[in-house]
Amino acid sequence: MSHEEIRKEFIDFFVSKDHKLVPSSSLIPEDDPSVLLTTAGVQQFKPYMLNQKDVLKDFGTRRLCSIQKSFRTSDIDEVGDEHHLTFFEMLGNFSIGDYFKREAIEWAWEFLTKNLKLDPKNMYVTVFAGEKNIPEDSEAIKIWKEVAGENIRIEKFGREDNFWGPTGSSGPCGPCSEVIYVFANGVETELWNLVFTELFQDEKGNCAPLAQKNIDTGMGLERLVWVLQETPSVFETDLFKPIIDTAEDLAEVGKEKIDPKSLRIIADHARAATFLVGDGVAPSNSGRGYVLRRIIRRTVRHGQLLDINGLFLGQLMERVIEMYGEQYPHLLERQNEISETIEGEERKFGQTLKRGLKELEKMLDGPGIRGEDAFKLYDTYGFPLDLTVEIARERGFEVDTAGFEKEMEKQRKRARAAQKFEEYKPEEIAPLHTATHLLNQALREVLGPDIHQAGQDLTPERLRFDFTFDRKLEEEELKRIEEVANDWIKKDVPVECVETTYGEALKQGAEALFAEKYKQADKVVMYKIAGFSKELCAGPHVKSTGEVGSFKIMKQESVGRGVRRIYAKLPNV
Ligand code: SER
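Quantities reported herein were computed from a predicted structural model and do not represent experimental measurements.

Caption draft 1: Structural detail: the side chain of Glu407. Following the sequence through the fold, Glu407 ends up in helix α16 (residues 401–418). Classification of Glu407 as buried rests on a relative accessible area of 16%. If near-sequence neighbours (up to four positions away) are discounted, Glu407 is found in contact with Gly371, Glu372 and Phe375.

This is how it looks when you write it as structure tokens:
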């Protein structure tokens, strides 16, 4: 069965059980600060499980299924074996206060053994063994025996293995039961996780029953395809083979010298990077941007180990988009943007990689890598710490990571003293600062002079801007605001930086978000966008508005009474 057929079989099965197919949500979780990236299908359904949103209103049913784009940073270092991946797709069926354990178990077994014809002899299941105030899941044991026969192998495990969630410090969670597949050679893989989401864990770690019982199941598509296509690992399945082949063709190291681990890492990371950028992640030095940067840099390094010459990520990305464009049309639509981002990062890193490696070689002649050395590699050559650790380990050296952290903290302090936004490079963040000033002024032009900024948060991917206003903005207004900002970008007027006093700035009509802070300062910095806005700010800013590229509002929301929030991005930066 091809992966397309397997996807279809899964969806058809659950649709026949009255489930509604819901499209995958973005890898960037919407309104869920508990995770950096979407890690499971259940993520987008959490508000329904908590009764914060009405599932019937939004979907017309309490039974849902999906194939969810997911990303697990926790597995980055495991990539290279048979089945660990960073990005993967998760097949899942969900009950929001509808069916519970019995149906979840019955259907999982029916699908695996009847539809996919997997031999029950090759599978066993695990259930929650019980712990503290939560008892052993004897109900699941009973149901499994009824469904799969008295002789089914059932293993019991504790919280670590058989209890899912919450993500972050609180949220929905519950005991779970997994179906494990055992290959003829003894290799095992967790195939399907059935979570009986009936509890809520609060910040203190106490669990209480949820108002309704829910089901959240997740089965990695890649693993399922691996089992069904009976390949040595997920990387020979039709979800990966073309990417692996492309990388192998590019490798100049000689067939016998190719390390399959490098090929696997390249294939996983190239696919993951394509999907991350496809969902709007941009490389940066923190958060999800850093995850992206890390995997791109790691890909470049493994490309170098295989003697791949020149830029190669673009070719891999094209292959990924060829394979996945039909399932995920946004990849096709954003192909240019994805290739520019990935190749840009590849080019930047490729240049420093060689020099950095030379430097690292010298360090490896000594007794080991000191924190300062690792920091120098990071700071001067852009080597993420884990890359240094990885290379050092390959050669039998340890890195003083605690020492590295110390250096990092020292630098953070230096940066904090120098400027407020220590996390990002000035060139990454400057266009967003300027865009924020444009937005601030555009809001006033469109909505009236009483609008004032109430907060902001910038990452290289987007800006978040809070302002005083007491109703939802009309579509027309949002459009108008975008237009005003974009007009000033098109005019490409200078952004001038003037040092002055707080009193003088006020006299000139400057806006100031942190008025209290500025009042006490002897000198303040005012950024003037010629003919348009004046605002006190610590910067950094671009030199002229054209560098902002373009301005796009992503969404608006309310953040309490009288304060609205706008998310916007700069698609052309
Ligand atoms: N949330 C569960 C998991 O991630 C099942 O979908 O394994």
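Now, onward.
Caption draft 2: Highlighting the sheet that holds strand β16 (residues 563–569). Taken together, four strands build an open sheet; the order of strands is β10-β11-β16-β15 and the sheet is antiparallel. Both outer strands of the open sheet, β10 (453–459) and β15 (552–558), are each paired with one neighbouring strand and no more. With strand direction ignored, the average angle separating the axes of adjacent strands in the sheet is 15°. With six bridges joining them, strand β11 (residues 462–468) and β16 adopt antiparallel strand pairing.

Caption draft 3: Looking closely at the pattern of salt bridges. Counted according to the given criterion, the structure contains 45 salt bridges. For Arg319, the salt bridge identified is with Glu322, shortest N-O distance 3.1 Å. Taken as a pair, Arg319 and Glu322 lie in helix α11 (residues 313–324) at a separation of three residues, close to a single helical turn. Arg395 is paired through a salt bridge with Glu361; the nearest N and O atoms lie 3.0 Å apart. Residue Arg395 is found in the loop between α15 (385–394) and α16, and its partner Glu361 is found in helix α13 (residues 335–364); the two are separated by 34 residues along the sequence.

Caption draft 4: Structural context of the state of the cysteines. Inspection of the entire model under this criterion finds zero disulfides. Free of any disulfide, Cys537 has its nearest cysteine sulfur in Cys497, 9.3 Å distant. The exposure class assigned to Cys537 is buried, which follows from its relative accessible area of 9%.

What counts and what doesn't
Residues numbered from 1 in each chain as written. Predicted model: local features only at pLDDT ≥ 70, side-chain atom pairs only at ≥ 80, totals over all residues. Heavy atoms only, no water. Helix = DSSP H or I, 4+ residues; strand = E, 2+ residues; numbered from the N terminus. Buried < 20%, exposed > 50% of the residue type's maximum accessible area, 1.4 Å probe, protein only. Contact = heavy atoms within 4.5 Å. Pairing = 2+ DSSP bridges. Axes fitted to C-alpha atoms, helices over the stretch in contact; angles between N-to-C directions. Salt bridge = Lys/Arg side-chain N within 4 Å of Asp/Glu carboxyl O. Disulfide = S-S within 2.5 Å.

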